[in-house]
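# A closer look at the structure
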Amino acid sequence: MLSHSSSRFHSLNHHPRHPNPAIYSCSLSLPFRISHSTLKFGAIDFKMSSTNSTVSCNGNSNSNVDIQTMDLGFNHLDLDRFVDVGNKLADAAGEVIRKYFRKSFDILDKEDLSPVTIADQAAEESMVKILEENFPSHAIFGEESGWRCKENFTDYVWVLDPIDGTKSFITGKPLFGTLIALLHKGRPILGIIDQPVLRERWIGISGRRTTLNGQEISTRSCPQLSKAYLYTTSPHLFSGDAEVAFARVRNKVKVPLYGCDCYAYALLASGYVDLVIESGLKPYDFLSLIPVIEGSGGVITDWRGHQLHWEASSNSDVVLM
Amino acid sequence: MSSTNSTVSCNGNSNVDIQTMDLGFDHLDLDRYVDVGNKLADAAGEVIRKYFRKSFDILDKEDLSPVTIADQAAEESMVKILEENFPSHAIFGEESGWRCKENFADYVWVLDPIDGTKSFITGKPLFGTLIALLHKGRPILGIIDQPVLRERWIGISGRRTTLNGQEISTRSCPQLSKAYLYTTSPHLFSGDAEVAFARVRNKVKVPLYGCDCYAYALLASGYVDLVIESGLKPYDFLSLIPVIEGSGGVITDWRGHQLHWEASSNSDVASFNVVAAGDKRVYQDALDNLQWY
């Protein structure tokens, strides 16, 4: 959430929902018809200490008062329970995934030519089952199975991508991730990036500091592009204008690197990478990243600097953002 | 070749160790080299794990690739072990260059402590420690070690390649359109090489990026079909040769010639274009499309 005021920073404790009506209005219409692709910035222009455990951005204090949760109608106990179940989801998906990683299995080619694996489907099913047991009134939007809910709209939506980076998974490269997001009224309040082979789990929670395997983490300082380490998954995922725009940044960074899927965003949150820029991401691939990155002091928006937003519902198109 | 059972026959090769008898060393020598090779990887791994994802100084080398203290310390730890165990052997280290009493030696250890320094620096655990032992210019031992994931591929002349002690095998792949291809970065090809690479890349099933030496290890294990790179230094490909050949794959330059580099105190460190494949058919298809004459 980058507000267009003189301050380019976003504090951990203050989430203006309507910073500027002109900006916010474009994120309220459904489905989206945004012609430009999304861009995810890391901690540009942040000055923070990367070694100690408190982060201050622009003098905002990192107090523990959870202002936005009080605004939005849920409390710490609810949130803790959501985190608890989120961990169970990641545990369950991880068990399935480890069973299939580097084993031979059937590959079904989906319409958009990305291989779907039995592991993908089984992992998603294992998560859906847990959610139906624990939160039967919540909705679920799964990358594999789409929308699942008793109602057409609900305050809480779990958005799941069991294997982000299926091509990495298929080629035995252990950097894919299980992505889990919980939206409350369209806003991600919980995000999990889980790498089940390396046993690394990043958890981002609204109003709290992001952790990696329980340890608080922080993005690092980086004053400008010429000092930045940039990641993107593949040069082939940019087309037309997006390719030209991306090249303008890529030509200026210190080192452009490839092939990391969602793991790159996790590395950014941990302070090892400065910038991640991608095009054509689906909502289930970026919603979980938002709490993880914001909770570690970073920033993540579309290429115009607008908040990334997607209201999941039974009518949602999964358009490119 | 069969990719599922544990015996591989390539062109009728059996387990008789013909080439070692020709070249003047025997199984016991080789076992000792493997043993010390493991110690080298253990030592480098310990250093590397200490520095991985910790803050440290980065020194920019002349060719703009970051050198880390870990790189230098890991190489030193390996050199020390070699000087203790094989004082008559030569060493060619990526960091420290040629080291030997003589200007030439029958046995040369070629070391790259961190291949994929940019991955290491960005906290991505897919870089590798590469260790090769050359006998009269020919790699007889190759090790790819990933010290964070604790994965070690060992290729030995005349033997089957192992990953953490388990024998592995490349997989079948009849042609480019079925192939999963890896290369590290699109920016490492220049001029004609870029054009040639694009000819292959446009035909493969899936082109993927960002794997450094780990891609060759995945190929030897049967999860990847093709790896094509340009501008590799000898210390970055010599160790791959026994690993890939011992798992049933093939690895050559883009003309289909054997990769060869004689290390000595006078060696220039030339760059090579490398193609590796798990199946001879997709290998030939790649060469036919690279058209590198």
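Along each chain, residues carry numbers from 1 onward, in the same order as the chain's sequence is written. Key to labels: chains lettered from A, ligands numbered from 1, both in the order written. Owing to the predicted nature of the model, reporting of local features is limited to residues with pLDDT of at least 70; listing and counting of side-chain atom pairs is limited to 80 or more, with chain, interface and lining totals taken over all residues. In computing side-chain values, all of the structure's heavy atoms are included and hydrogens and water are not.

## Considering the overall build of chain A
- What counts as a helix is a DSSP run of H or I of at least four residues, what counts as a strand is a run of E of at least two, and both are numbered from the N terminus. The helix and strand inventory of chain A stands at 9 helices and 13 strands.
- Taking all 321 residues of chain A together, 60% fall into the buried category.
- Only heavy atoms enter the contact rule, under which two residues are in contact if any of them lie within 4.5 Å. In chain A, once contacts between residues fewer than 6 apart in sequence are set aside, the share between residues at least 24 apart is 68%.
- All accessible areas in this document rest on Shrake-Rupley with a 1.4 Å probe, and a residue is counted as covered only by the protein chains that are shown. Accessible surface for chain A amounts to roughly 13200 Å². Of this, 50% is attributable to carbon and sulfur atoms. Burial classes: relative accessible area under 20% of the type maximum marks a residue as buried, over 50% as exposed, and values in between as partly exposed (1.4 Å probe, protein chains only).

## Description of the sheet that holds strand S8 (residues 200–205) of chain A
All names here are of chain A.
- Two strands are counted as paired when DSSP detects at least two bridges linking them. An order of S4-S3-S5-S6-S7-S8-S9-S10 is seen for the 8 strands of this open sheet, with the pairing classed as mixed. The sheet is open, and its two borders are formed by strand S4 (146–148) and strand S10 (215–216), each paired with just one other strand.
- Bridging between S8 and strand S9 (residues 211–212) involves 2 bridges; their strand directions are antiparallel. Looking at S9, one finds that Trp202 is bridged to Leu212.
- Each axis is a line fitted through C-alpha atoms, taken for helices only over the stretch in contact, and angles between the N-to-C directions span 0 to 180 degrees. Packed onto the sheet, helix H3 (residues 76–100) meets strand S5 (156–164), strand S6 (177–184), strand S7 (187–195) and S8 and runs at close to 30° relative to S7.

## Looking at the nonpolar core
- Counting 154 residues, the largest nonpolar core has Trp158 of chain A together with Trp109 of chain B as the members making the most contacts within it.
- Definition used in this section: a nonpolar core is a set of buried Ala, Val, Leu, Ile, Met, Phe, Trp, Tyr and Cys residues joined via side-chain atoms within 4.5 Å. Ala242 of chain A together with Ala179, Ala196 and Leu290 of chain B belong to the second-largest nonpolar core, a separate cluster that totals 31 residues.

## Points about the interface of chain A and chain B
- Facing the 33 residues of chain A at the interface are 33 residues of chain B.
- Buried area between chain A and chain B, both sides added, is near 2500 Å², and the carbon and sulfur share of it is 62%.
- Salt bridges are defined as contacts in which a side-chain nitrogen from Lys or Arg sits within 4 Å of a carboxyl oxygen from Asp or Glu. On inspection of chain A and its partner chain B, the count reaches 2 salt bridges.
- For the salt bridge of Arg102 of chain A with Glu151 of chain B, the shortest nitrogen-to-oxygen distance reads 2.8 Å. Accessible surface is computed with a 1.4 Å probe, and the buried area is the amount of it that two parts give up when combined, taken over both parts together.

## Observations regarding the UniProt feature "binding site: Mg(2+)" (unreviewed entry) in chain A
All names here are of chain A.
- UniProt tags Glu143, Asp161, Ile163, Asp164 and Asp285 as "binding site: Mg(2+)" (unreviewed entry). The annotated residues occupy 143 residues of the chain but converge on a single region, no pair of C-alpha atoms lying more than 9.7 Å apart.
- Among the structural elements, Asp161 can be located in strand S5.
- We classify Asp161 as buried; its relative accessible area is 2%.
- Excluding residues within four positions of it along the chain, Asp161 makes contact with Glu143, Gly177, Thr178, Leu179, Tyr284 and Asp285. UniProt positions are given in the numbering used here, feature names are shortened, and annotations may be inferred rather than shown by experiment.

## Section: the pairing of S8 of chain A
Residues and elements named next belong to chain A.
- In terms of burial, S8 is a largely internal element, 6 of the 6 residues being buried.
- Across the two faces of S8 the burial is the same, with Glu200, Trp202 and Gly204 and Arg201, Ile203 and Ile205 all buried.
- Here S7 pairs with S8 via 6 bridges, running antiparallel. In the strand pairing of S8, Leu190 is matched with Ile205.
- Linkage of S7 to S8, two consecutive antiparallel strands, is achieved through a turn of 4 residues, within which Arg199 is found at a positive phi near 55°.
- The hairpin turn running from S8 into S9, its antiparallel successor, is 5 residues long, and Gly207 in that turn takes a positive phi close to 80°.

## So, the packing of helix H2 (residues 27–51) of chain B against helix H3 (residues 69–85) of chain B
All names here are of chain B.
- It is the contact of H2 with H3, at a shortest axis distance of 9 Å, that shows an interaxial angle of 155°. Considering the angle they form, H2 stands roughly antiparallel to H3. Like other packed secondary-structure pairs, H2 and H3 cross with a definite hand, here right-handed. Across from Arg32, Val36, Lys39, Leu40, Ala43, Ala44, Val47, Ile48 and Tyr51 in H2, the residues of H3 making contact are Ile69, Ala70, Ala73, Ala74, Ser77, Met78, Ile81, Leu82 and Asn85.
- Under the grouping applied here, Gly and all other residues not named as nonpolar or charged are polar, the nonpolar ones being Ala, Val, Leu, Ile, Met, Phe, Trp, Tyr, Cys and Pro and the charged ones Asp, Glu, Lys and Arg. By residue class, the composition of the contact of H2 with H3 is 14 nonpolar, 2 polar and 2 charged. Angles are sorted into four bins: roughly parallel if under 35 degrees, roughly antiparallel if over 145, roughly perpendicular if 65 to 115, and oblique for all others. We call a crossing left-handed when the near helix sits turned anticlockwise from the far one by less than a right angle, and right-handed when that turn is clockwise.

## Some details on the pattern of salt bridges
- Within this structure, the stated rule accounts for 19 salt bridges over all chains.
- For Arg152 of chain B, the salt bridge goes to Asp145 of chain B, with nearest N and O atoms at 2.6 Å.
- A single salt-bridge network, built from bridges that share partners, covers Asp91, Asp194 and Arg201 of chain A.

## Points about unusual backbone geometry
All names here are of chain B.
- In the Ramachandran plot, Lys136 falls in the positive-phi region, its phi being about 50° despite a non-glycine side chain.
- Locating Lys136 in the fold gives a position in the loop between strand S6 (128–135) and strand S7 (138–146).
- Judged by its relative accessible area of 48%, Lys136 is partly exposed.
- For Arg150, which is not a glycine, the phi torsion comes out positive at approximately 55°.
- Structurally, Arg150 can be placed in the loop between S7 and strand S8 (151–156).

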